[in-house]
Amino acid sequence: VAPSLFRYALMLLANHHEAEDAVQQVFIALAARGTSGIGALDRYLRTSVRNECYSVLGRRRDALARANGLPLLETLSAAHDRTHDRLVLEQGLRALPPEQREAIHLKVFEGYSFQEAADLTGESINTIASRYRYGMEKLRAAFGAEKP
Amino acid sequence: MMDHESDHDFEATLRAFRPVGPPATMQAPAELTRTPGASRSRVRRVLLRTGALAVAVSVGIIAWTSRPAPDPPAGLQPHSASILTPGERQAFLRQWEQQPRVALDMPHEGAKVVLVEFVDWLCRAGACTASAGRAVAGRYAIVAPGAVRYVTIDYPINADCNPAVPKTFPGHEGSCVAAAAVRIARAHGREREMAAWLTRHRTKLAARAGSDARASIKAEASRLLGTAPSDADYAREIEAVRRDAEMGRAIGITGVPTLYINGARTAAGWAAEHIDLAVELELARPSR
């Protein structure tokens, strides 16, 4: 679960160090308070990480994700060299607002339905769907622009 | 690059990737082993972080596996290299519980999960370009240090040192010497460097004549170790490689790499998420 939470934080913050800190802050807080009274721990952790990430985003001066030279994505299959695709997609993801990156992450990488993503984030299903659609349009445009 | 004419196609493109896992900076053991030079508060902070991670991972696994399984989102192919849907995850849990196990007799060294991977260091096929077991073990070294151990067993596709192979596969003429070189390097604490060199050069090595490939491997081993291992060293290690290969034959290895997780065999073509999940399940089992 910890890697999954880190990935969620990474996609929200697009910054490894901040994502690492956010996840560790949540775990430290959990260790301090204990798990009593927590119904669904997975959901609790995800919501906590989300809140922590948005706190970090709120403290940022610049809206754009601050790249730190580390990759956002990894290739799942080693059968093909997808380095160029990965770099283009990472650039596109970094340029998106965090809310749109989050919607894409939950839908595409976590396999959530729009309803599940809405439940997790506390947003309406229409909001999640819109963020996803706008984000995907921008990402696809960025990806298409790089086509030879 | 491929065409992207619909959301569905583009989602499929995205699903060839996933966000990277935790970076090495989340790994605490290196800092803990430097206790004499570290401040007490620093060590306490690292211990707290490590403990919190371990607690959260353990309880999180329970929460995760008990998560209700809604229908998979439309468009997700069951066997695509993508993050598993909750439904796929539940199906995998049931399948993994029924997986037959073999006794590989590997020392656990305190680890709760032992990953055993049968390898040919000159393997060039797509699936060989990244060791699933090594990658998974690396990730768990971050979140659960010491809980997962990774061991390689030699299974060269070369008839000279593998009695299960009737004929050496083209491109694998140097595989026996490569395996022996890694073993010799291991004895000198340089296994990682030797294996990395083989990985980087395997395509060139495979394209060369067998004698040239073997000579290149031996030359690199000599350079790396600062001394040339003798022919007797190689002969001794190749005998050990043959014993490894015999073990593979005994349990029916048919290709490399083949990964076992606590004695249960994984299938070729599994996504990294499957292997992650299998390791999580093994970690969640009651201790032996």
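The structure displayed is predicted, hence computed values, not measured ones.

(A) Highlighting the overall build of chain A. Counting its secondary structure elements, chain A contains seven helices and one strand. For chain A, the N- to C-terminal ordering of α and β elements is α-α-α-β-α-α-α-α. The buried share of chain A, taken over its 148 residues, is 53%. Contacts in chain A between residues at least 24 apart in sequence constitute 65% of all its contacts with a sequence separation of at least 6.

(B) Up close: the confidence of the model for chain B. Residues and elements named next belong to chain B. Chain-level pLDDT for chain B is 74 on average; 69% of the residues reach the 70-or-more range. Highest mean pLDDT in chain B belongs to helix 6 (residues 175-187) (95); lowest belongs to helix 2 (residues 29-32) (27). A low-confidence stretch, residues 27-48 (pLDDT under 50), is modelled with 13 contacts involving residues beyond four sequence positions or located in other chains. Across residues 55-82 the pLDDT falls below 50, and counting only partners more than four positions away or on other chains, this stretch makes 56 contacts in the model. Per the prediction output, this complex has pTM 0.49; the corresponding ipTM is 0.85.

(C) Broad picture of the packing of aromatic side chains. Residue and element names in this part refer to chain B. Scanning the entire structure with this criterion turns up four aromatic pairs over all chains. Measuring from ring centre to ring centre gives 6.4 Å for F118 and Y155, while their planes differ by 85°; the resulting arrangement is edge-to-face. Taken together, the residues span a long stretch of sequence, with F118 in strand 2 (residues 113-119) and Y155 in the loop between strand 3 (148-154) and helix 6 at a distance of 37 residues. Across this residue pair, the class does not change: F118 and Y155 are buried. Ring plane angle 70° and centroid distance 6.0 Å describe the contact between F118 and Y260, whose orientation is recorded as edge-to-face. With F118 in strand 2 and Y260 in strand 4 (residues 258-261), this residue pair connects regions lying 142 residues apart in the sequence. When its relative accessible area of 0% is taken as the criterion, F118 is described as buried. Judged by its relative accessible area of 2%, Y260 falls in the buried class. Connected via pairs of aromatic rings, a cluster forms that spans F118, Y155 and Y260.

(D) Just unusual backbone geometry, in detail. Even without being a glycine, A14(A) presents a positive backbone phi close to 55°. With respect to the secondary-structure elements, A14(A) resides in the loop between helix 1 (2-13) and helix 2 (16-33). Despite not being glycine, N262(B) has its phi angle at roughly 50°, a positive value. N262(B) gets classed as buried once you look at its relative accessible area, which sits at 15%.

(E) Looking closely at the pattern of salt bridges. All names here are of chain B. Under the counting rule described, the total for this entry stands at 23 salt bridges over all chains. Note that E11 is salt-bridged to R15, the shortest N-O span being 2.8 Å. Assigned by exposure class, E11 and R15 land together as buried. Here D244 and R183 are joined by a salt bridge, their closest N and O atoms 2.5 Å apart.

(F) Expanded view of the state of the cysteines. Residues and elements named next belong to chain B. Summed over the entire model, instances satisfying the criterion amount to one disulfide over all chains. Across the disulfide, C161 is cross-linked to C176 (sulfur-sulfur distance 2.0 Å). Residues C161 and C176 are joined through a disulfide that is left-handed, its torsion about the S-S bond being -90°. With C161 in the loop between strand 3 and helix 6 and C176 in helix 6, this pair connects stretches of sequence that are 15 residues apart.

(G) Just the sheet that holds strand 4 of chain B, in detail. Residue and element names in this part refer to chain B. The strand order across the open sheet built from four strands is 3-2-4-5, with neighbouring strands paired in mixed fashion. Sheet topology places strand 3 and strand 5 (264-265) at the edges, where each strand pairs with a single neighbour. Pairing between strand 4 and strand 5: two bridges, direction antiparallel. Looking across to strand 5, one finds that I261 is bridged to A264.

(H) Fine view of helix 6 (residues 114-121) of chain A. Restricting attention to buried positions, one finds in helix 6 of chain A the residues E116(A), A117(A), A118(A), L120(A) and T121(A). Directly beyond the C-terminal end of helix 6 of chain A, a positive phi value near 80° is found at G122(A).

(I) Layout of the environment of Q115(A). Residue and element names in this part refer to chain A. For Q115, the position within the fold is in helix 6. A relative accessible area of 41% means that Q115 is categorised as partly exposed. Measuring from C-alpha to C-alpha, the distance between Q115 and I125 comes to 5.7 Å, with ten residues separating the pair along the chain.

(J) Inspection of the side chain of T266(B) at higher detail. Residues and elements named next belong to chain B. With respect to the secondary-structure elements, T266 resides in the loop between strand 5 and helix 10 (272-284). For T266, a relative accessible area of 9% translates into the label buried. With residues up to four places along the chain from it excluded, the contact list for T266 reads W96, L259 and I261.

(K) Spatial organisation of the environment of C123(B). All names here are of chain B. Relative to the helices and strands, C123 is located in the loop between strand 2 and helix 5 (132-143). Judged by its relative accessible area of 8%, C123 falls in the buried class. Between the C-alpha atom of C123 and that of A206, which follows or precedes it by 83 residues, the distance is 8.9 Å.

(L) Representation of the packing of helix 3 (residues 41-59) of chain A against helix 5 (residues 98-109) of chain A in the model. All names here are of chain A. Two numbers describe how helix 3 lies on helix 5: the axes approach to 12 Å, and their chain directions differ by 155°. The angle between helix 3 and helix 5 falls in the class roughly antiparallel. For the pair helix 3 and helix 5, the sense of crossing is right-handed. Within the contact between the two elements, helix 3 uses R50, Y54 and L57 and helix 5 uses P98, E99 and E102. Residue classes in the contact of helix 3 with helix 5 are distributed as three nonpolar, no polar and three charged.

Reading the values: rules and limits
- Residues numbered from 1 in each chain as written.
- Chains lettered and ligands numbered in written order.
- Predicted model: local features only at pLDDT ≥ 70, side-chain atom pairs only at ≥ 80, totals over all residues.
- Heavy atoms only, no water.
- Helix = DSSP H or I, 4+ residues; strand = E, 2+ residues; numbered from the N terminus.
- Buried < 20%, exposed > 50% of the residue type's maximum accessible area, 1.4 Å probe, protein only.
- Contact = heavy atoms within 4.5 Å.
- pLDDT = per-residue confidence, 0-100.
- Phe/Tyr/Trp six-rings, centres within 6.5 Å; stacked < 30°, edge-to-face > 60°.
- Salt bridge = Lys/Arg side-chain N within 4 Å of Asp/Glu carboxyl O.
- Disulfide = S-S within 2.5 Å.
- Pairing = 2+ DSSP bridges.
- Axes fitted to C-alpha atoms, helices over the stretch in contact; angles between N-to-C directions.
- Parallel < 35°, antiparallel > 145°, perpendicular 65-115°, else oblique.
- Left-handed = near helix turned anticlockwise from the far one by under 90°.
- Nonpolar A, V, L, I, M, F, W, Y, C, P; charged D, E, K, R; others polar.

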